[in-house]
Structures are given as structure tokens and as C-alpha cells.
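# Commentary on secondary and tertiary structure
So you can see what is in the structure, the chains are spelled out below.
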Amino acid sequence: MNHAETQAATGFFNSLLEVYSRPDERLKKDSLDSSGLALLRSHLQTENGITSEVATLFASAAGVAKLRKKVEQFRTENTPDREKDGVIVPGRPKNADLVQSIAAIVEAGLRALWRSPQAKFPANAGSVHWEIWLEPDQAESFIQRAVGLGVLIGADRLHFPEDIVVIGEATRDQLALAVRRLGGVRALAAPTVTADYFDSLDAQEQAAWVGELSQRTTFTMDPNASYITLLDTGVSRAHPLIQPALAAADRHAANPAWGLEDIKGHGTQLAGLALFGDLTPKLQDMLPVSVGHRLESVKLLPDAGFNPHHLLGAVTRNAIDAVEMTIRRRTFTMATTTSDDTPHDGAPTSWSSEIDQLTAGVSGKCSDPRLILISAGNIDAMTSGAGHYLETCDHPDSELESPSQAWNAVCVGAYTEKAMLPPGESYTALAPSGDLSPASRTASWTSQWPLKPDVVLEGGNWAAGTVPPPLTHGWLSLLTTDHNYPRHSFCFSHDTSAATALAAKQITELWSDYPSLWPETIRGLYVSSARWTEQMKSHLPANPSKGAYALLFRRYGYGVPDLQRARRSASNALTLIVQDEITPYGLSEKTGGDVHKELRLFELPWPVEELRKLGSALVTLRVTLSSFVAPNPSEASRGSRYRYASHNLRFKLNRAGENVQQFLARITRLAEPVDGPPNEEDDSWTFGSTRRDVGSLHIDQLTCRASDLARRNLLAVHPVAGWWKNKKLLEKTLPMVRFALIIEIDASELETKLYTEVATSITALAKAQIIVG
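Note that the coordinates shown come from a computational prediction; the quantities given were computed from them, not determined experimentally.

Cut-offs used in this document
- Residues numbered from 1 in each chain as written.
- Predicted model: local features only at pLDDT ≥ 70, side-chain atom pairs only at ≥ 80, totals over all residues.
- Heavy atoms only, no water.
- Core = buried A, V, L, I, M, F, W, Y, C linked by side-chain atoms within 4.5 Å.
- Buried < 20%, exposed > 50% of the residue type's maximum accessible area, 1.4 Å probe, protein only.
- Contact = heavy atoms within 4.5 Å.
- Phe/Tyr/Trp six-rings, centres within 6.5 Å; stacked < 30°, edge-to-face > 60°.
- Helix = DSSP H or I, 4+ residues; strand = E, 2+ residues; numbered from the N terminus.
- Pairing = 2+ DSSP bridges.
- Axes fitted to C-alpha atoms, helices over the stretch in contact; angles between N-to-C directions.
- Parallel < 35°, antiparallel > 145°, perpendicular 65-115°, else oblique.
- Left-handed = near helix turned anticlockwise from the far one by under 90°.
- Nonpolar A, V, L, I, M, F, W, Y, C, P; charged D, E, K, R; others polar.
- 1 Å grid on protein atoms, 1.4 Å probe; cavity = no way out; pocket = protein on both sides within 12 Å on 5 of 7 lines; lining within 4 Å.
- Points joined across faces, edges and corners; volume = space filled by probe spheres on them.
- Arc of directions from axis to C-beta.
- Polar contact = N/O pair within 3.5 Å; in protein donor to acceptor, adjacent residues only side chain to side chain.

### With respect to the nonpolar core
If you look at the biggest cluster of nonpolar residues, it comprises 77 residues, and the most contacted ones within it are F276 and L295. Not counting chain neighbours up to four residues away, the residues in contact with L295 comprise Y227, I228, L230, I242, A245, L246, D250, A271, A274 and L275. By size, the runner-up hydrophobic cluster in this structure holds 33 residues, among which are F602, W685, L741 and I745.

Okay, structure coming up:
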């Protein structure tokens, strides 16, 4: 490929064109919206009493060449003669309808895309905010690539039938380059509405916006719907955006003596986010809204004072017992943590241990496993020092608050894409877009205890001035429901509480789509869908070792969940999901001592011939293993993950060329781990066993040649030590454990070649071989 071809392939010759019609004529626009040409907009313009039509086109290099060819054909070629009613009609010049309708074609600037009043077009050359209207099919590509061209894209999205609208910050030159290089931009406008706008309205205007959103919102009344159960300060039912989703009978309190109304407001804020997400785009996009899940509220905190610290585990259990008089599919959501247990360095506390018991179904009136989300806890802005904000977040004093270190719960931290402030603002956004929210706490411990947080979601940003401390700001916050309706309809929300409510919304929507899946499986699917942003990965060295990922795990967990990816994983034959049981321990018939009783060996239904044909093409395998452990937080067990957890499961994949006997022999050697960092296996996994083999959720991935993956078709789930591996216990019973296994192939554009063969052989995965030790 020569230099000119390279430039064309990268979009260097993309153009914005304006096509003018002849006076008082219309353009033949069908011919201006074909391969290589995208008709962005057209309008009539009148000057000196003469009206003409003006069309704005995005033209690739090939599109410009095609347009030139059409004009040249008009000049030099005719269509064939044809016969009509016995008379030969001479051919016309080719493309006559198109070319004869055109008066002029000129290269256009950004003004050609401007849909706001011309007086509002940015007059200076500095960085300003733009409302960018994108082609839906090209929106994500533009958003991901624009940052590399200097265009900062905000977090909010508006979805219209034929457009996706975002806010960008850039100079005119930066945005013009992005428009030409990337395409997909249909129009530009002056940004008008932010969360700050709605919060500043008077009560009557706010209520009008609420009424409009209520009218186009459909709330499910299905008694079998999924529920988000908020363990917080209570929820106010007075708000019209909440009342249809929260029945009066579904408000409870951990202490029957407490009132049910939300006096503090925190629970009502989370309720709005759990139902709608950030309200700012919802209020603007005018599309129908469907809320497919419902709410329950349990007041976990008294209206005055605090819960006695030693009762927090019991209060949480009482709160859960209060709602489980009715059997429902629930996502328990708690944005309440304590700093009284810090520093805990990831070790269990009484509260986190009770969360593990509740999640595993060994505590509470109901014995079923539960899905529980917990916030990571927040950093006080007053503690923010003069250094980089990440130094404060990473400091041991900023470790995750209890009980978010619970093994079985999904711990939610916060990141932010909100990094834009009003023009002329004296403050700057503290965190860059795509990085950790300044309020989010991080893990301070090493490999001994589970990776936390599990995921991060939008938690807003702080505004920094010349004098600390940084402050919250309306432009950098989420908009949600206020508990003082109708005096005030909206308020701001931020930090890990807001992120946890957003996670509850997403994970409940996923569970609603696949109601037959276990809580263990939903947790695995959701967390496994997460990925680190490019900004997060910028903290890695150029060629990261396995140990280099520790920093990212401590801050961001597995990253930002992708609900669409999780849904695809649940429905796609290239993601294999197993829900199974295993008896991890038993007694030896020879010695009478305790042993590892079973392992599950799966022969993966790889399309071997297709993978071999792909040869050296790279594919990525991502494996997730999820189970809930029963805790033993005795003092003797607190320093050992193998004595805290009832059982510990691991997964192993055979190496290329390793047969069944060799594979099982290797697993046997690894079945008796000791406390401390495990020995890293040299087997091409990205994260490695040091990061993977902790907690009760294990995720790792490897990228290899397709031909090598064809020979790696054996996957084992096997136990290692746990406190259930005890002779006295095993003489009474042989406990059985549920687990979920999720195996995903990411072959990019190669997926379609693999899908059919995997689908036809997928029953093979269900036929696991049970090997008894």
C-alpha cells in the first residue's frame, strides 16, 4: 500500500461537502446517499428571493472519487439509446438527473453541521463544549476513537430513533479533524441541558419534567418480576417516578419500631438511580422508557443516631428476614459501610462474615443463596492532599470499608466519565475521564484475600480549585429523585452509593432476562463482562507482567461492566455456561482420613477443524468460576483463606498436547496449597494464579493461536483445602457445593465461523466426567 492509499484507508482524505442545487430546484438526494457518501442533512436557503436546496455530505476518499466519476460520466458518456412506441430515443448523458440539479459543490466547515442558531457557533479558537449528534451504528466507534484526536466525550448519552447525542469538549480544529477522520457525525449544536439545569429549576418546573417522564414510562406490574431490595434509609413513595415501582406493602424496617419514610433522603436517591439510572439523559431523549423490575425498601439505618457497631451483622440479617416473608427474585443492594473496622487489610470482620453467610444461604430464615451488592465506601474530600488524587485513593488509610470485603458479595467501586465543566469555570475536574472516581476507596491488601472491588460504575467527579479541598459539582454528578417531592423533585447523587445503585439496575436487568440462572451465575456473568478503560490501562507498563495488573485490580476490580456483553454471553453459543454441583471432600476408604473427593472434568466442544484452519490467528479464552462459600471467621481462621472458606474451588485448562492422565496428575500436585502467595504457573494466562486463585470468584483469560486452543480442550473444576475438609464433619455429612462455570471465546470477526460448529456440539459440555479421588 503506497502513502496515498494509506492516507485514504485511515480516513485522511475524508471530506465534508456542501452541495447546492440550481435556483428553485431540488437535489436528487438519493444519489448523494450511497456507498462512500453519507447525506447528513439538507435544508432550503433563500437569498435575494431565490431558494435553493443545500445538502451536507460526509464523503470518504472513495466517495469523492465516485462523485467526480459521476460528473465526468455526465460530460463524456450517454446512456444507451432505447425504443419507445417504435421510435428510437437517443440516450441521455449519464447521471443527468443528479448533475443537472447541482449548481455547486464546495468543501464545508463545521458550520455546515450546525443546527443551533448561528449566533451560538463558537467564536473563539479555544476548547469549548459541543453537542454532537452521531449515527447510531457509528457512535461507539466515534466515542472510543475521538479521545485520541483530542475530543473529550462526556458520560451522558441521549438516544433518539435515528441519533445518539453526546457532549464533547474540543477546539474547532480538533473536532473538525475528528469529523473528517472518523465519520458518523450527523450534526452539531450548542449544549443546553445538564444535571445542573434540572436541579436549578423551581418546584413547578421540576414537577412538569417529572410528569412528562412519567407519562412515557411503563412500569412492570408482573408479580414474578425481579426486585431490587434497597437496604438503606428507607424510600419515599411520594415521588411519581418511584410510586409505581414500590408498593406500600414492600416497605419494611430492620427494627419494627422505626418508621418507614425516608427522612435522610439517601435511600430515595438510590431508588431513582436503581430504576432509571442517571435521570439527565432520560429527561431529554423523549423516547419511551420501560422499567422491567420493581423495588423493595428496608430501612437499615435509624432516622437519628447510629446502629450499635456490634449489631450491624444482626441488623442486616433482620432487614433481609423482614422482606423474605415473600418469595421473590431479589438483588439486595447496600450502600452502607463502616470505617470502624479499618484497617482490616481484607481480613473478615463480623459484618462481612455475616454477609457471606447470608449470600451462601446459611444464615437468615431463608436457606436459598442470595445476590448481594455492597458499595466500596467513600473517601472524605477533606482528606484529599496536595498530591495526585490517586495517591490518596491508593493509601492504606483509604482501604475498602467493611463489609465490602465479603467474599460472596459484589463489591462496587466508582469510576467516572464526567470530566467537563462549564466554559469559563475556575475549577477543573480532578479525575480524568475513564479513571477512578476521587471518592472511591481501594483494596490495600495483597493476594491473600479476594480481589475487591469487583467492578466500578459511574460515581461522579470532584471539582478542584486553587485551594483544597475539592468539591462536588452539578456538572460532575448524577441526577436522581429527591425525597422531598413535590417541594423538590431532583437532587444530585455521586460516589460509590450512586455506582452501587447503577450496578443494581444493570445486574437486575440481566437476571430478568435470564431468570433461571443462579445468583452465583449472574454474579459471574456480570463481573466477567467488565473491562478496564483505556485510561485505566494507561497506568500499566508497555509490556505488563502478571504482577503489574495488581494495581488495576486494587483500584478498579475487573473494570466497568458491559451489560450488552453480559447478555450476549448468556445467549451466545460461543459462551458456554455450566451450573453444576460437586462434593469437594470425603473420607478415604483406605485410611479413613479426609480427602478431595471429586473433580469435574469437561471436554470442551471446540470446533477443532475450524480452529486448525485459522492457524496462527489469535483467539482469547475467558473463564469464570463462581461459587458461594460458607465462612468460618474464628480467630484461628482469620489469617488463612483456606480455613475461612468452607471450600475452595479452582479451574485448570490442559496445556497444548497434555493428555488426560498428564493433566490430572498436574492437578493432583496442586490440590494441597499452602497459605501465602501461590507459585505462578507459566501457562499463558493473562492475570495468573496469584491474582486468580483468591476469594470465591475466579476470572482469567488467555490469548493464543487458534491452532493451540484446538489442543486445549479439557477443563477441570477441582477442590483445594477448606474448613469443610475435616474428618469429624465428614463423618456426619458430605457437603455438596453449587458452582457456575462460564467459558467464553472471543475471536473477534472470526466468531461467525466458529458459532455453528460450537452450537452443534454444545451438548458435549453438559456431559462432565466426575472423577472421584
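### Describing the packing of aromatic side chains
By the definition in use, this model includes 18 aromatic pairs. Pairing F198 with F490 gives two aromatic rings, centres 6.1 Å apart and planes at 70°, and the pair type is edge-to-face. Linking F198 in helix α6 (residues 195–200) with F490 in strand β25 (residues 490–493), this pair joins segments that are 292 residues apart in sequence. Each of the two residues, F198 as well as F490, counts as buried. Geometrically, the ring pair formed by W532 and F687 is edge-to-face, given 5.7 Å between the ring centres and 65° between the ring planes.

### Comments concerning helix α14 (residues 519–528)
Judged by how many residues are buried, α14 sits mostly within the fold: ten of ten residues are covered. Every buried residue of α14 is listed here: P519, E520, T521, I522, R523, G524, L525, Y526, V527 and S528.

### Focus on the environment of A112
Turning to its location among the elements, A112 is positioned in the loop between β6 (102–107) and β7 (128–134). On the accessibility criterion, A112 (5% relative accessible area) is buried. Along the sequence, A112 and A55 sit 57 residues apart, while their C-alpha atoms lie 8.9 Å from each other. Contacts of A112, omitting those with residues within four sequence positions, involve E18, R41 and T56.

### Structural notes on the sheet that holds strand β30 (residues 618–626)
Read from one edge of the open sheet, four strands run β26-β34-β30-β32, paired in antiparallel fashion. Single-partner strands in this sheet number two, and they are β26 (575–582) and β32 (697–705). Shown here is a sheet whose adjacent strand axes are inclined to one another by a mean of 15°, direction ignored. Both β30 and strand β34 (residues 737–746) contribute to a ladder of seven bridges, which runs antiparallel. The residue bridging T624 from the neighbouring strand is I742, located in β34. The strands touched by α14 within the sheet are β26, β30, β32 and β34, with β34 carrying the most contacts at an inclination of about 30°.

### Quick look at the packing of helix α13 (residues 495–513) against helix α17 (residues 563–571)
Axis separation between α13 and α17 bottoms out at 10 Å; the angle between their running directions is 20°. Judged by the inter-axis angle, α13 sits roughly parallel to α17. Remark: the crossing between α13 and α17 carries right-handed chirality. Contacts between α13 and α17 involve Q506, E509, L510 and D513 from the former and L563, A566 and R567 from the latter. Partitioned by chemical class, the residues of the contact of α13 with α17 number three nonpolar, one polar and three charged.

### Notes on the layout of surface pockets
What the second largest pocket holds in volume is close to 610 Å³. Lining of the second largest pocket is provided by 29 residues; of these, L301, F306, A335, T336 and T337 occupy positions nearest its centre. The set of elements that each furnish at least two residues to the lining of the second largest pocket consists of α8 (266–276), β25 and α13. The element contributing the most residues to the lining of the second largest pocket is α13, with three residues. Residue classes in the lining of the second largest pocket are distributed as seven nonpolar, 17 polar and five charged.

### Thoughts on the sheet that holds β6
Sheet strands pair via backbone hydrogen bonds, and the direction of the pair is either parallel or antiparallel. The strand order β2-β3-β1-β6 describes an open sheet built from four strands, whose pairing is antiparallel. Only two strands of the sheet have a single partner each, and these edge strands are β2 (37–47) and β6. Neighbour to neighbour, the strand axes of the sheet diverge by 20° on average, direction disregarded. Relative to β6, strand β1 (residues 15–21) is paired through five bridges, and the arrangement is antiparallel. Across the sheet, V19 pairs through a bridge with I105, a residue of β6.

### Description of α17
Buried within α17 are the following residues: L563, R565, A566, S569 and A570. For α17, the angular spread of the buried residues around the axis is 160°, confining them to a single face. Here the buried face of α17 lies against α13, α14, β26 and β34. The opening residue of α17 is D562, an N-cap whose side-chain oxygen sits 3.0 Å from the backbone nitrogen of Q564.

### Regarding the side chain of S363
By the secondary structure assignment, S363 is in the loop between α11 (350–360) and β18 (371–375). Filtering out sequence-adjacent residues up to four positions away, S363 remains in contact with R317, E354, Q357, L358 and R370.

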